[in-house]
Amino acid sequence: MANGNSKILTAEQEKQLRQPIDDYVGNIQKQINSLRADGTDKVLSLQNHMDTLKRDRTLTKGERENRIAQDKAELEKAKAVEAKNKDEVSKLISDAEAYIKSHFDKDYYQPVKESCAQEKAAEKERYRNKIAGLEKEHQEIISKLSDNQERKDEKYVYKNRLFDAKMELQKDFQQIKDRRHAAYIYQYHLIDMLRMSKFTFMESRAQKWENYKYTFNKRTFLLQNGLYIAIILIFAMLCIITPVIKGTPLLTYNNVLNILQQASPRMFLALGVAGLILLTGTDLSIGRMVGMGMTTATIIMHQGVNTGAVFGHIFDFTKMPVGARVVLALVVCVVLCTFFTTIAVFFTAKFKMHPFISTMANMLVIFGLVTYATKGVSFGAIEPTIPNMIIPKINGFPTIILWAVAAIAIVWFIWNKTTFGKNLYAVGGNPEAAAVSGISVFAVTVGAFVMAGILYGFGSWLECARMFGSGSAAYGQGWEMDAIAACVVGGVSFTGGIGKISGVVVGVFIFTALTYSLTILGIDANLQFVFSGIIILVAVTLDCLKYVQKK
């Protein structure tokens, strides 16, 4: 004990508390190891050796096959021993786990935890006494000094002493925290040895939660989640205010479905530009591509003969089956959007032009071409049966949401489970290092833009079905800002190589929900831009702070 009645344990005392557990489990572990020596351990060793032989190019085919055949024969014997000892090993593991469950927390962890709590309280008291002593000493010195410069120097020294005392306290707190954490995870170290790194779901969750608490940092937490917390608070305020002002609740089933419907086509756009932001790029032509796609899809799926002309020509698709028109509209939307993103990526990847410039040029070209070709007119409504074919409502549930869910799943798979996705992160994080490691920066950049074009095409086609047509060159104006902002708010960093699909999804929902809520409240559309601008500014500021902190 450190003093009198204190329960603060020394390192030696902690070891003594743990010794019976180590002895009991260690004895069982020795028995298990002896049973595994010619069984499980040998199985793993032979499997690894065969994998090595398969990759060994110094051996002839015959030598490799002979050695693998020998290993397989030994493997069968090892598996037989493993099967023979399986029940006995399981019984020993159960015995050890039962002992750990009965004694670890009660006899070891709780005393250590209590010791750490008391030690922390003692350190706080020591710190307060030290601060009081420094303050008293400082006042005594100050009272004896008459020269202003000397008094100023003493104040500077005093501040440094306070800072040193605080740093020492934090160091002591961290050591106490380390001891408690080490004591907690020791039980999983024992289980790890017994089961050969196999944990149950709840055990894995418990370890992750403990590691989260152990590594938790308030500053980092606020940097990563401060914006979300603020937005949730704003949305909560809107939920309270709306019934008072409008006499109707905001969070109704229909309102939630409306928000999800509006978010679904925008999800495609955000998922597309997210890949470009991951490469430290952007795309300013999204809104104009939506206008182009909407116009194209409306013309092809138009109800009856088109009333507007394209370059002076009136299109009539009424002789085609409706299903064929739907497919044709989708294909043309995807091809057109991919064509223009390919143009942008050609200049970006080939001539190292910043995407800001190449996509801005795209934006101007697309808007100019579509406006000139159509004279800026709207093309009216599409066939009324088409929306029910593409995005029918099933018992009031809009299936357009399922299209967005499918897009999220596919893009998540590409980002996280494919070589292209891993290369995307690598190039975004450090293109020079990626190139040195054999990754084609050009191919990855082209792939990201092409994928974005495909998603833009799908998004504009779905928006056409959702809005029953009415495509025009002006449609989609400003949507590029919404898509980019959703990505930034969702944590896709402009510094490159950082971002998750889940963040993009959250970002899209945040912006759509806020816009919908403000519209219900009757807030002027121009003021909504102010809200969006503030959110974007705060999001990018937090992102920059995280980047500066890492540097």
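Residues numbered from 1 in each chain as written. Predicted model: local features only at pLDDT ≥ 70, side-chain atom pairs only at ≥ 80, totals over all residues. Heavy atoms only, no water.

Q: Before we go on, may I ask you to explain the overall build of the chain in this structure?
A: In terms of helices and strands, the chain carries 18 helices and four strands. A separation of at least 24 residues holds for 78% of the contacts in the chain among residues at least 6 apart in sequence. For the chain, the computed accessible surface area is about 30200 Å², with 62% contributed by carbon and sulfur atoms. Charge separation in the chain, taken as the distance between the mean sites of 61 positive and 47 negative side-chain charges, equals 5 Å. (Helix = DSSP H or I, 4+ residues; strand = E, 2+ residues; numbered from the N terminus. Contact = heavy atoms within 4.5 Å. Areas by Shrake-Rupley, 256 points an atom, 1.4 Å probe, with all protein chains shown as cover. Lys, Arg positive; Asp, Glu negative; His and termini not counted. Charge placed at Lys NZ, Arg CZ, Asp CG, Glu CD.)

Q: Any chance you could explain the packing of aromatic side chains here in plain terms?
A: Within a pair of aromatic rings, the relevant descriptors are the distance that separates the centres and the angle that separates the planes. Taken as a whole and assessed by the stated rule, the structure comprises 20 aromatic pairs. Consider the rings of Phe104 and Tyr108, whose centres lie 5.4 Å apart with planes at 65°: the pair is edge-to-face. On the criterion of helical spacing, the pair formed by Phe104 and Tyr108 is a turn pair, its members being four residues apart in helix 3 (residues 61-144). We note that Phe104, like Tyr108, is buried. Here a set of aromatic residues connected by ring pairs shows up, and it is made of Tyr109, Tyr184, Tyr188 and Phe199. Across from the ring centre of Trp479, 4.0 Å away, lies the NZ or CZ of Arg266, which sits over that ring. (Phe/Tyr/Trp six-rings, centres within 6.5 Å; stacked < 30°, edge-to-face > 60°. Buried < 20%, exposed > 50% of the residue type's maximum accessible area, 1.4 Å probe, protein only. Lys NZ or Arg CZ within 6 Å of the ring centre and 35° of its normal.)

Q: Would you take a moment to explain the confidence of the model for the chain for this structure?
A: Scored by pLDDT, the chain comes out at a mean of 90, with 98% of its residues at no less than 70. When the criterion is pLDDT under 50, residues 1-5 qualifies, and its contacts beyond four places in sequence or with other chains add up to six contacts. (pLDDT = per-residue confidence, 0-100.)

Q: Before we go on, may I ask you to explain unusual backbone geometry in this structure?
A: Excluding glycine, residues mostly carry a negative phi; peptide bonds, for their part, are mostly trans. Even without glycine at this site, Thr280 takes up a positive phi of about 65°. Relative to the helices and strands, Thr280 resides in the loop between helix 7 (253-278) and helix 8 (286-300). For Thr280, a relative accessible area of 34% corresponds to the partly exposed category. The phi torsion at Ser470 lies on the positive side, around 60°, for a residue other than glycine. Of note, Ser470 is situated in the loop between helix 15 (441-466) and helix 16 (479-489). By relative accessible area, Ser470 is classed as partly exposed at 35%.

Q: Please explain the nonpolar core as it appears in this structure.
A: The nonpolar side chains of a soluble globular protein tend to be buried with one another. The biggest cluster of nonpolar side chains holds 97 residues, and the ones touching the most others in it are Leu271, Met301, Tyr456 and Trp461. No other element matches helix 7, which puts 13 residues into this core. With 25 residues, the next largest nonpolar core counts Ile32, Cys116, Tyr186 and Tyr188 among its residues. (Core = buried A, V, L, I, M, F, W, Y, C linked by side-chain atoms within 4.5 Å.)

Q: What is the right way to look at helix 16 in this model?
A: Every α-helix carries 3.6 residues per turn, so stepping three or four residues along brings you back to the same face. For helix 16, the buried fraction is high: nine of the eleven residues fall into the buried class. Among all positions in helix 16, only Trp479, Glu480, Ala483, Ile484, Ala485, Ala486, Cys487, Val488 and Val489 are buried.

Q: Honestly, the environment of Lys79 in this entry has me stumped. Any pointers?
A: Along the chain, the position of Lys79 falls in helix 3. Taking C-alpha positions, Lys79 is 29 Å from Thr58, a pair spaced 21 residues apart along the chain. Not counting the four nearest positions on each side in its chain, Lys79 is found in contact with Val43 and Gln47.

Q: How do you make sense of the pattern of salt bridges when you look at a structure like this?
A: Note that side chains of opposite charge can pair when their charged atoms are close. Within this structure, the stated rule accounts for 17 salt bridges. Glu383 is the salt-bridge partner of Arg325, the closest N and O atoms lying 3.5 Å from each other. Placement of the pair is Arg325 in helix 9 (residues 322-351) and Glu383 in the loop between helix 10 (355-374) and helix 11 (386-390), with a sequence separation of 58 residues. The class for Arg325 is buried, based on a relative accessible area of 2%. With relative accessibility at 17%, the residue Glu383 sits in the buried group. Salt bridges linked by common partners bring Glu123, Arg126, Lys130, Glu168 and Asp172 together as one network. (Salt bridge = Lys/Arg side-chain N within 4 Å of Asp/Glu carboxyl O.)

Q: Can you walk me through the packing of helix 8 against helix 10 in this structure?
A: To describe two helices that pack against each other, one gives the angle between their axes and the distance between the axes. Axis separation between helix 8 and helix 10 bottoms out at 9 Å; the angle between their running directions is 30°. Considering their axes alone, helix 8 and helix 10 lie roughly parallel with respect to each other. Regarding helix 8 and helix 10, the two cross each other, and that crossing is left-handed. Of the residues in helix 10, those touching helix 8 at Arg288, Met289, Met292 and Thr295 are Asn362, Met363, Ile366, Phe367, Val370 and Thr374. (Axes fitted to C-alpha atoms, helices over the stretch in contact; angles between N-to-C directions. Parallel < 35°, antiparallel > 145°, perpendicular 65-115°, else oblique. Left-handed = near helix turned anticlockwise from the far one by under 90°.)

Q: Looking at this structure, how should I read a nonpolar patch on the surface?
A: Side chains of Phe346, Phe347, Phe351, Met353, Phe356 and Ile357 sit close together on the surface and give an oily, nonpolar patch of about 540 Å² of accessible area. Elements with a minimum of two residues in the nonpolar patch: helix 9 and helix 10. Per element, the largest residue contribution to the nonpolar patch is three residues, and it comes from helix 9. Along the polypeptide, Phe351 turns up in helix 9. (Patch = residues over 30% accessible without salt bridge, like charges linked within 9 Å, V, L, I, M, F, W, Y side chains within 5 Å.)

Q: Is there a simple way to explain helix 12 (residues 400-417) in this structure?
A: Between its terminal C-alpha atoms helix 12 stretches 26 Å, which fits the 26 Å expected from 18 residues at 1.5 Å a residue. For helix 12, the complete set of buried residues consists of Ile400, Ile401, Ala404, Ala407, Ile408, Val411 and Trp415. For helix 12, the buried positions fall inside an angular range of 120° around the axis, keeping them on one side. Across from the buried face of helix 12, at angles greater than 90 degrees, the exposed residues are Ile410 and Lys417. Here the buried face of helix 12 lies against helix 7, strand 4 (397-398), helix 13 (419-429), helix 15 and helix 17 (501-520). (Expected span 1.5 Å × (residues − 1). Arc of directions from axis to C-beta.)

Q: I tried to follow the side chain of Asp71 on my own but got confused; where do I start?
A: Structurally, Asp71 is set in helix 3. Look past the residues within four positions of Asp71 in its chain and what remains in contact with it is Leu46, His49, Met50 and Leu53.

Q: Hey, could you run me through the state of the cysteines in this one?
A: Note: disulfide means a covalent bond formed between the sulfur atoms of two cysteine side chains. Evaluation of the coordinates by the stated rule reveals zero disulfides. Of all cysteine sulfurs in the structure, the one in Cys337 sits closest to Cys333, which takes part in no disulfide; the separation is 6.4 Å. Judged by its relative accessible area of 1%, Cys333 falls in the buried class. (Disulfide = S-S within 2.5 Å.)

Q: I would appreciate a short explanation of the packing of helix 12 against helix 13 in the present structure.
A: It is the contact of helix 12 with helix 13, at a shortest axis distance of 5 Å, that shows an interaxial angle of 70°. Relative to helix 13, the element helix 12 lies roughly perpendicular. Every residue of helix 13 that contacts helix 12 at Ile414, Trp415, Asn416 and Lys417 is listed here: Thr419, Phe420, Gly421, Lys422, Leu424 and Tyr425. Considered class by class, the residues forming the contact of helix 12 with helix 13 number five nonpolar, three polar and two charged. (Nonpolar A, V, L, I, M, F, W, Y, C, P; charged D, E, K, R; others polar.)

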